[in-house]
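Remarks on the overall topology
Take a look at the letters that make up each chain.
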Amino acid sequence: MAMSEMFTQLGSVAAGIMFLWAMFQQYFPYQLRPHIEKYSQKLVSFVYPYIQITVQEYSADRWRRSEAYVAIEDYLSSNSSSRAKRLKADIIKDSQSVALSMDDHEEVTDEFQGVKLWWASSKSFPNTQSFSFYPASDEKRYYCLTFHQRYRDLIVGTYLNHVIKEGKAIAVRKRQRKLFTNNTSKNWYGYKRSVWSHVPFEHPATFETLAMKSKEKEEIVTDLTIFRTRKQYYSKIGKVWKRGYLLHGPPGTGKSSMIAAMAILLNYDIYDVELTSVKDNTDLRKLLIETTSKSIIVIEDIDCSLNLTGQRKKKKEEEKEESKDDPLLMKGKENESKESKVTLSGLLNFIDGLWSTCGEERLIVFTTGFWAPFL
């Protein structure tokens, strides 16, 4: 009987707390809530001796994925497979093995120099309730690290640096070359948004198989090898660690094979940029910011993708004159003109301007079907 009375009292207390919380949410002034939460957390800290550190997947501007989040994800993927109860599986290098990682809302323990810690994978949603066809558009993923406050100096000063370093090393070991292509700007938002799509890059071309003069081939290989090891040099002279190439020649002369051989030699990813799918210069910056280090950014047929010679403007004027008498054709041309407003100055501003500092150890390769002095 005493046990049933205790459960009855607990139920009454829980119901009372829920009622008070609902009243607080409904009627308490919104402007005062942050102050209440602030002081309530201070009160809790007196009796709760644990500290929590949160690592968000995206920063406030959401332009680029956090490097710390990616490193922690790689670190936990190798340490959580034997401890977590709910895991996500994915194919990794050479499509011959499976990588396991923590599922959402899962927690695992870790130990460092005798100290026990807890990692939790979570995601949050906006507080506003609204109907949307894209329910995951505003979800925010993050990792939460929990540890006792007496180990603050050890965790902040040593452990986090250890996790980042190990995570990056794991990423290098399981690295698989990828070929990326950009999605259209309208698909960068909403449910399952993605700036880039990729497939494994398994091109057979190498410098040994390229049909070109041995001396020229050796010069290119030497240049690439030196570039890969010159991080300190670029830092010393105050320049961004990148290098540009322009490949020109008729179709079938080996421009694509050359790019593939460069990627295989350096073990770099390839980002094939389709400029006609990018709406404007702002979206171009966002697109290129999402590229990683150790990569080759390829812009093919640069002479056709941008208005370099004024021929495109002349051609558009001619088409406009021809379509004046056809309203449907005129409307189609207007919609087409809204698709891409990328300019040469916008591209060069990222390639060699202030925005070029948003990454390092990258090759930028342009291709063209013909050679002209202004290129």
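The present account deals with the structure reproduced in this document. These numbers come from a predicted model, not from an experiment.

**Brief notes about the sheet that holds strand β4 (residues 106-112)**
A sheet is described by the order of its strands in space; here four strands give the open sequence β1-β6-β5-β4, paired in antiparallel fashion. A strand with exactly one partner marks an edge of an open sheet, and here the two such strands are β1 (50-56) and β4. Averaged over all pairs of adjacent strands, the angle between strand axes in this sheet comes to 25°, irrespective of strand direction. Sheet analysis places β1 next to strand β6 (residues 140-148), joined by seven bridges and oriented antiparallel. Residue pairing across strands places Q56 opposite Y142, the latter belonging to β6. Lying over the sheet, helix α3 (residues 67-79) contacts β1, β4, β5 (115-124) and β6, oriented at roughly 65° with respect to β6.

**What about the nonpolar core?**
Burial of nonpolar side chains together is a common tendency in soluble globular proteins. Ranked by size, the top nonpolar core spans 23 residues in total, and within it M262, I296 and L363 carry the most contacts. When residues in this core are grouped by element, the largest group, seven residues, is from helix α7 (residues 255-266). Apart from the residues within four sequence positions on either side, M262 is in contact with F207, L224, Y245, I296, L363 and V365.

**Concerning the packing of α3 against helix α4 (residues 152-173)**
Packing of α3 against α4 leaves a shortest axis separation of 7 Å and a crossing angle of 75°. Relative to α4, α3 is oriented roughly perpendicular. Where α3 approaches α4, its residues E67, A68, A71, I72, D74, Y75 and S78 are matched on the opposing element by Y159, H162, V163, I164, E166, G167, K168, I170 and A171. Of the residues contributing to the contact of α3 with α4, the split by class is nine nonpolar, three polar and four charged.

**What about the packing of aromatic side chains?**
Counted under the stated rule, the structure contains 10 aromatic pairs. Here the aromatic rings of F180 and W196 are separated by 6.4 Å at their centres, their planes lie at 85°, and the arrangement is edge-to-face. Note that F180 is positioned in strand β7 (residues 178-182) and W196 in strand β8 (residues 196-200), a separation of 16 residues in sequence. Residue W196 is classed as buried on the basis of its relative accessible area, which comes to 9%. Arranged with centres 4.3 Å apart and planes meeting at 10°, the rings of F180 and Y271 form a pair that is stacked. Within this pair, whereas F180 is found in strand β7, its partner Y271 is found in strand β10 (residues 269-272), the two being separated by 91 residues in sequence. The aromatic ring of Y233 is capped on one face by R230, whose charged end is 4.2 Å from the ring centroid.

The rules behind the values
Residues numbered from 1 in each chain as written. Predicted model: local features only at pLDDT ≥ 70, side-chain atom pairs only at ≥ 80, totals over all residues. Heavy atoms only, no water. Pairing = 2+ DSSP bridges. Helix = DSSP H or I, 4+ residues; strand = E, 2+ residues; numbered from the N terminus. Axes fitted to C-alpha atoms, helices over the stretch in contact; angles between N-to-C directions. Contact = heavy atoms within 4.5 Å. Core = buried A, V, L, I, M, F, W, Y, C linked by side-chain atoms within 4.5 Å. Buried < 20%, exposed > 50% of the residue type's maximum accessible area, 1.4 Å probe, protein only. Parallel < 35°, antiparallel > 145°, perpendicular 65-115°, else oblique. Nonpolar A, V, L, I, M, F, W, Y, C, P; charged D, E, K, R; others polar. Phe/Tyr/Trp six-rings, centres within 6.5 Å; stacked < 30°, edge-to-face > 60°. Lys NZ or Arg CZ within 6 Å of the ring centre and 35° of its normal.

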